[in-house]
Amino acid sequence: MNVAKLDQRELILFDLDGTLVDSAFDLYRAMNLSLERLGLPLVTEAQVRIWIGKGTALFCESTLGYLKGEVDPDLHQQLLATFLEIYNADPCVDTQPFHGILDFLQWGIQNNKKLICVTNKPEQPARKILEILNMDHYFVDVIGGDRFEKRKPDPIQLNYCIEHYQSTADKTLMVGDSSNDVEAARRAGIDCVVLSYGYNHGEDIQLCQPQQVINDVMELLR
């Protein structure tokens, strides 16, 4: 089944973490620096890979839930603020694009597709990562989770892309890696393809019944 139908698309929307880039190690590094500053025990990269993918607040919540057995709201706010300060200052030390991503983005540009990064990560570190990796020139826009009052799985970011870039739902494709991407696309009425390698909070991506799961974005061009 080919959900992508790339010849029919004008707009292609991409999630960032777990879709375009593998950012887990930098998230792990920033989390342990944050925990250290607050005098809390450290966590492993393997644990972090399970906890990321649904936004920073939930990442901090999962970390505290594991360390403390419960989540104190004040400590959660403290960890969230500390983490954002540390991570946003240096979000791209070990972060790298996944296999095939740069080739696919290049194909998109050559075929006059409008490419937009739609992430729940705050916009400033998202843009910084794409700039450092020299990927920013591929995208007409980078829409962070803090641009609107809601974020994925709410469809507000996706609906904005369709309206602002004067497209239609049937000419738009979402490429993501989590149930947030699947649900946001469903609610926006657009097709969605998900990558199997991403971050989905430790859950099997098949549970949210995506239209199509692929292992490498270059599969869409074959």
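Quantities reported herein were computed from a predicted structural model and do not represent experimental measurements. (Residues numbered from 1 in each chain as written. Predicted model: local features only at pLDDT ≥ 70, side-chain atom pairs only at ≥ 80, totals over all residues. Heavy atoms only, no water.)

A tally of helices and strands in the protein chain yields eight helices and eight strands. Against the compact-globule benchmark of 17 Å for 222 residues, the protein chain has a radius of gyration of 17 Å, which places it among compact chains. Projected onto its principal axes, the C-alpha positions of the protein chain cover 55 × 35 × 30 Å. When each of the 222 residues of the protein chain is scored for burial, the buried share is 53%. Considering only residue pairs separated by 6 or more positions, the protein chain has 68% of its internal contacts joining residues 24 or more positions apart. For the protein chain, the exposed area adds up to about 10,000 Å²; of that, 47% sits on carbon and sulfur atoms. Side chains of the protein chain give 20 positive and 33 negative charges; the mean places of these two sets differ by 4 Å. (Helix = DSSP H or I, 4+ residues; strand = E, 2+ residues; numbered from the N terminus. Rg over C-alpha atoms; globule rule 2.2 N^0.38 Å. Buried < 20%, exposed > 50% of the residue type's maximum accessible area, 1.4 Å probe, protein only. Contact = heavy atoms within 4.5 Å. Areas by Shrake-Rupley, 256 points an atom, 1.4 Å probe, with all protein chains shown as cover. Lys, Arg positive; Asp, Glu negative; His and termini not counted. Charge placed at Lys NZ, Arg CZ, Asp CG, Glu CD.)

Time to look at empty space enclosed by the protein. Enumeration according to the criterion identifies one cavity of 30 Å³ or more in this entry. The computed volume of the largest cavity comes to approximately 270 Å³. Lining the largest cavity are 22 residues, and of these Asp17, Gly53, Lys54, Gly55 and Lys121 sit closest to its centre. Elements with a minimum of two residues in the lining of the largest cavity: helix 3 (56-68), helix 4 (73-89) and helix 8 (179-188). Looking at the lining of the largest cavity, the element that brings in the most residues is helix 4, giving four residues. A class-by-class count of the residues in the lining of the largest cavity yields seven nonpolar, eight polar and seven charged. (1 Å grid on protein atoms, 1.4 Å probe; cavity = no way out; pocket = protein on both sides within 12 Å on 5 of 7 lines; lining within 4 Å. Points joined across faces, edges and corners; volume = space filled by probe spheres on them. Nonpolar A, V, L, I, M, F, W, Y, C, P; charged D, E, K, R; others polar.)

Once that is clear, we can look at the sheet that holds strand 5 (residues 141-143). Overall, parallel pairing links the six strands, which are arranged 5-4-1-6-7-8 in an open sheet. Looking at the sheet topology across the chains shown, the edges are occupied by strand 5 and strand 8 (212-214). The average angle at which neighbouring strand axes cross in this sheet is 25 degrees, direction not considered. Pairing between strand 6 (residues 172-176) and strand 7 (residues 191-195): four bridges, direction parallel. Note that in strand 7 the partner of Met174 across the bridge is Cys192. Of the strands in this sheet, strand 6 and strand 7 touch helix 8, which is tilted by about 175 degrees from strand 7. (Pairing = 2+ DSSP bridges. Axes fitted to C-alpha atoms, helices over the stretch in contact; angles between N-to-C directions.)

Following Lys152, the chain continues into Pro153 via a peptide bond in cis, with omega recorded as 15 degrees. As for its position among the elements, Pro153 is in the loop between strand 5 and helix 7 (156-164). At Lys5, a residue that is not glycine, the phi angle is positive and equals roughly 45 degrees. Among the structural elements, Lys5 can be located in the segment before strand 1 (11-14). Although it is not a glycine, Asn112 sits at a positive phi angle of roughly 60 degrees.

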